[in-house]
Amino acid sequence: MLVLKNSDTPSGVRDTGTESQAQRRITLAGTSFLLPGNSAWQRLGGDYALEFGEFAEWSSLLLNSQPNSSEADTFAFVVFLQDIISSESIPALIEGGASPEDLERILQPVLMAIDRFDSQSSNRLIVAWSNAQCPGAVEYGRQVPPWDLVCSGLEARLRERQARSKTLFLLPLDKFFAEVGRENCFDSRNYYAAHCRLSQRGVAVLATQIAELTNRFFCAPKKVLVLDCDNTLWGGVLGEDGIAGIRLGQDGAGTAFSDFQRVVRNLAQKGVLLALASKNDEAIVWQAFDEHPSMILRRSDILAFRINWRDKSDNLAELADELGVALNSFVFWDDNPLERDSVRARLPEVTVPDVPREVWRWPNWLESSNWFATFGNTAEDFRRSEMYRSRARFRLESEQSGGDSEFLKSIQLRPVLLPVSEALVSRAAQLAMKTNQFNLRTCRHGELAIRQISNEENAVSFLVGLQDKFGDHGNVGLVIARCKRNHKVAFLDTFLVSCRVLGRHLEAWMLDQCAQQLRTKQVSVLLAEFVPTDRNQVAATFLPEHGFISEAQWNPDLRNMVEPLLNGHGGRLFALDLANAAVPYLDAYAQ
Amino acid sequence: MTRLEDLLRQQFPSVPLNDISDLHVGSFHEWSSLAHFNFLLLVEESFQIQFTVDEMSELRSIHDIRARLATAGIEA
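Residues numbered from 1 in each chain as written. Chains lettered and ligands numbered in written order. Predicted model: local features only at pLDDT ≥ 70, side-chain atom pairs only at ≥ 80, totals over all residues. Heavy atoms only, no water.

## A short note on empty space enclosed by the protein
All names here are of chain A. Applying the stated criterion across every chain yields a total of one cavity of 30 Å³ or more. Approximately 240 Å³ is the volume attributed to the largest cavity. Forming the walls of the largest cavity are 20 residues, and the residues nearest its centre are K223, Y388, K434, T435 and S498. Residue assignment for the lining of the largest cavity shows that the elements contributing at least two residues are α19 (379-382), α20 (384-401) and α22 (425-434). Here the lining of the largest cavity gets four residues from one element, more than from any other, and that element is α22. Each residue belonging to the lining of the largest cavity can be placed in one class, and the counts come to five nonpolar, seven polar and eight charged. (1 Å grid on protein atoms, 1.4 Å probe; cavity = no way out; pocket = protein on both sides within 12 Å on 5 of 7 lines; lining within 4 Å. Points joined across faces, edges and corners; volume = space filled by probe spheres on them. Helix = DSSP H or I, 4+ residues; strand = E, 2+ residues; numbered from the N terminus. Nonpolar A, V, L, I, M, F, W, Y, C, P; charged D, E, K, R; others polar.)

Here it is as structure tokens:
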């Protein structure tokens, strides 16, 4: 096994420095040599420790995977069909009519190794595969060429396995090689010189695509797409050309703008929040939305907007505040490079793509980007726009009423406690990954960890759903408290509430429910930690305001009780005496 | 700094390099056969040139590489 340290990798590789990222490791094994230390791996090597198996070792690496390695670890297995299937077996495949049994037999060594890994290890496994053969047109003329049969047979079998596995991720490499040209990605010279089928460019494509997948394991997708209007949603300048003069929906570039709007609308339907930031007169923009016959986007698709002549950075900051979404979840799309540079300089946390100059490239470019992509949308994703709208209505009415307890009583709050069942694991993990504001410890549990914790005998873990007169907010809270068997102290591992329901004291109700469950387990003290980040100040006073005693005020008895749980915590510690705790702010939930 | 020096530093970021003219595979611990193969691929990509299979094993030093690049009209 070749272990590649950051110091071994070519320059451009950055040392991310954070503890959580330093712990992440990717083990790569290929049926061909993968060129450890090649500069192309820098796309991946900066964020992860890379370990390379010898190319002949892939089978034993998969078969002998360790069951208890860290969840943060990922195994990437790169398969070139021509390495695992001899060309001699291909004529037999054709003569036998390529029955499913024949394919199964040919693919069995690879599938068996993958199955063994999946059953033994809790690590994520990325299987990337490629068919290095590219037959000519004649071979496709009357039949599916045999290597294509093998390739599609492998994918079908892997997809079957994926449906049963939470940790198997697939990367059909030929699709990505095609984007830059197969010829550029393979290099027979490298194969004969070093048993590597790929060119430098091919290794770069492989590294980039593995990085795209692994980044999504740990980083939430973007939430908000902010769009310019002139020369972005339509061609031309509305104020000069008028509604009849803009290019939209007609032949040529006008169709490209319509298609771009279609892609944007599809994103909105999957839960991406749309906003406008345009230097324009507001009235004429909405007139174009309402009256232009080829507008695909509707006014109702736009969740928030700043249409004025001010600096766009100021407008984006205001939009972030209005939506309650951090700027690092924003993508800003503007045709004007000066506006892009200005936003980049003033708001470096915003993603500002250098969009192609050619508008006709935009629809595909946006569609194939990974900013908003997820491994599967939850029900909450599809309803996200509606939820943010109801949040805006709540804020308005709350401000008008002065935000008192009578107002909260009037909005018919109906919380529901939901055990973290298998069906809810993905939502629980999504909340743990994405919630930044009301999150006491910002502990980024993935699905594997959530599943493991929810099965712990002595843990209290639940999701919280909420409905009120503003609608069904979905599952918006997560609580995890862990304790050892027969122990009197529990530790509040995770306590978070989605920002879209803040202001309702739902967190008080969640704490009360948690306390009730812990009392039934004979737990008498709940130890909690607040780990400050640059985003969670809204939760900074929650613990002292809800009866928790800060560490400085613990008496010796209390300190002795919690002492065994104190190691490894760098945040501010608090403890709640469950026997005497009376959680405040529950009036609105007492009905 | 010449482009070849720059590429050598890219390939071996942790190695302090001064005059590279006389360096070759094995001049320092990190410059292994594999690292050299990767370095040649970096050179190819950077100068838009392709070495033959034989050249991949014959070009063993900075001097060799400079001489080969010179035949293609590249000063490195």
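## Quick notes on the pattern of salt bridges
Counting across every chain of the model gives 37 salt bridges over all chains. For R441 of chain A, the salt bridge is made with D493 of chain A, and the minimal N-O distance between the two is 3.8 Å. You can see R441 of chain A sitting in the loop between β12 (438-439) and α23 (447-454) and its partner D493 of chain A sitting in strand β15 (residues 489-497), a full 52 residues away along the chain. For the pair shown, R441 of chain A and D493 of chain A are each scored as buried. One salt bridge connects R68 of chain B with E55 of chain B, and the closest N-O pair in it is separated by 2.6 Å. Of this pair, R68 of chain B sits in helix α4 (residues 62-71) while E55 of chain B sits in helix α3 (residues 53-58); the two residues are 13 residues apart in sequence, bridging distant segments of the chain. Connected via shared salt-bridge partners are R441, E456, R482, D493 and E529 of chain A. (Salt bridge = Lys/Arg side-chain N within 4 Å of Asp/Glu carboxyl O. Buried < 20%, exposed > 50% of the residue type's maximum accessible area, 1.4 Å probe, protein only.)

## What to know about the packing of helix α9 (residues 173-180) of chain A against helix α12 (residues 200-218) of chain A
Residues and elements named next belong to chain A. Here α9 crosses α12 at 125°, and the two axes come no closer than 10 Å. As judged from the angle between their axes, α9 and α12 are oblique. You can see that α9 and α12 cross each other, and the crossing is right-handed. Counted together, L173, F176, F177 and V180 of α9 and R201, G202, V205, L206 and Q209 of α12 form the full contact between these two elements. Grouping the constituent residues of the contact of α9 with α12 by class yields six nonpolar, two polar and one charged. (Axes fitted to C-alpha atoms, helices over the stretch in contact; angles between N-to-C directions. Parallel < 35°, antiparallel > 145°, perpendicular 65-115°, else oblique. Left-handed = near helix turned anticlockwise from the far one by under 90°. Contact = heavy atoms within 4.5 Å.)

## Concerning the domain arrangement of chain A
Residues and elements named next belong to chain A. What the domain assignment reports for chain A is domain 1 (2-218), domain 2 (224-367) and domain 3 (389-589). Contacts between the two partners involve 10 residues from domain 2, matched on the other side by six residues from domain 3. Of the roughly 540 Å² buried between domain 2 and domain 3, counting both surfaces, carbon and sulfur atoms make up 31%. Taken as a group, L303, G324 and A326 account for 56% of the area that domain 2 buries against domain 3, more than any other trio of residues on that side. (Domains from an automatic or database assignment. Buried area = accessible area lost by both parts, 1.4 Å probe.)

## Structural notes on the pairing of strand β6 (residues 168-172) of chain A
Taking burial as the measure, the five residues of β6 of chain A include five buried ones, the bulk of the element. Both faces of β6 of chain A are covered, namely the face carrying L168, L170 and P172 of chain A and the face carrying F169 and L171 of chain A.

## Considerations on unusual backbone geometry
All names here are of chain A. Although it is not a glycine, Q412 adopts a positive phi angle of roughly 50°. Counting through the fold element by element, Q412 comes out in the loop between α21 (405-410) and β11 (414-419). Under the relative-accessibility criterion, Q412 is labelled partly exposed at 42%. In this model, T442 sits at a positive phi of 50°, which is unusual for a non-glycine residue. Here T442 lies in the loop between β12 and α23.

## Some remarks on the sheet that holds strand β10 (residues 330-333) of chain A
Residues and elements named next belong to chain A. The strand order across the open sheet built from four strands is β9-β8-β7-β10, with neighbouring strands paired in parallel fashion. Each edge of the open sheet carries a strand with a single partner, namely β9 (302-307) and β10. Neighbour to neighbour, the strand axes of the sheet diverge by 20° on average, direction disregarded. With respect to the sheet, helix α16 (residues 312-323) is in contact with β7 (224-227), β8 (273-278), β9 and β10, its orientation differing from that of β9 by roughly 150°. (Pairing = 2+ DSSP bridges.)

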